[in-house]
Amino acid sequence: MVAALAVGGLLGSAELPDPGPALAADPVPAPAPVPYGGALDNPDPGGSFDDSQVLEVAMLGLGALNGLAFAAVVIVSRFRGSSAAETRRALMTRTTAGVPSGPRRRGAH
């Protein structure tokens, strides 16, 4: 992979031969047209959002909210979850198959 990148870098940096002086009869290229007639540079001041654009923004907001909720759950579970020692102790104190691990209530038979 490194060799392929090195060869690609050498080929990309290699100088190409000069095609020669331009002919005097070559026309001057016309300037490139502005996309959408320049409408992107000057938005309509009275424009409004349609339903699909509102839905897209709502979905972006919902995704951001979902990410924040996930991060909050991960952080809270780190503080409130069982420690490794508690989990190990609960697994080692199981007595028979079918008995769930974890703390037992005292006095219940």
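Note that the structure is predicted; figures quoted are calculated from it, not measured.

**Student:** Teacher, can you tell me more about the overall build of the protein chain here?
**Tutor:** Helix and strand content of the protein chain: three helices and zero strands. What you see in the protein chain, going N to C, is helices and strands ordered as α-α-α. For the protein chain, with 109 residues in total, the buried portion stands at 3%. Element-wise, carbon and sulfur atoms account for 66% of the exposed surface of the protein chain, whose accessible area totals about 10,600 Å².

**Student:** Whenever I open this one, a nonpolar patch on the surface confuses me. Can you help?
**Tutor:** Side chains of Leu55, Met59, Leu62 and Leu65 sit close together on the surface and give an oily, nonpolar patch of about 430 Å² of accessible area. Structurally, Leu55 can be placed in helix α2 (residues 51–80).

**Student:** Explain the confidence of the model for the protein chain here, please?
**Tutor:** Any region with low pLDDT has predicted coordinates that should not be read closely. Mean pLDDT over the protein chain stands at 74; residues scoring 70 or higher make up 57%. Per-element averaging of pLDDT across the protein chain places helix α1 (residues 2–13) at the bottom with 65 and α2 at the top with 92.

**Student:** Which parts of the structure should I look at to understand α2?
**Tutor:** Think of an α-helix as 3.6 residues a turn; residues three or four steps apart then line up on the same face. With 30 residues, α2 extends 43 Å from end C-alpha to end C-alpha; this agrees with the ideal 44 Å at 1.5 Å per step. With zero of its 30 residues buried, α2 lies for the most part at the surface.

Rules used throughout
- Here, residues in each chain are numbered from 1, in the same order as that chain's written sequence.
- Under the rules for a predicted model, residues below a pLDDT of 70 receive no local features and side-chain atom pairs below 80 are neither given nor counted, while totals for whole chains, interfaces and linings still include all residues.
- Here the side-chain values reflect all heavy atoms present in the structure, with hydrogen atoms and water set aside.
- By definition, any uninterrupted DSSP run of H or I lasting at least four residues is a helix, any uninterrupted run of E lasting at least two residues is a strand, and each is numbered from the N terminus.
- Throughout, exposure labels follow a simple rule: accessible area from a 1.4 Å probe, protein chains only, divided by the maximum for the residue type, with under 20% read as buried, over 50% as exposed, and the rest as partly exposed.
- Every accessible area reported is derived by Shrake-Rupley at a probe size of 1.4 Å, with residue values counting cover from the shown protein chains alone.
- The residues that make up patches have over 30% relative accessible area and no salt bridge, and they are joined within 9 Å when like-charged or within 5 Å when they are Val, Leu, Ile, Met, Phe, Trp or Tyr.
- Salt bridge, as used here, is a side-chain nitrogen of Lys or Arg placed within 4 Å of a carboxyl oxygen of Asp or Glu.
- As a per-residue quantity, pLDDT reports the predictor's confidence and falls between 0 and 100.
- A helix is expected to span 1.5 Å multiplied by its residue count minus one.

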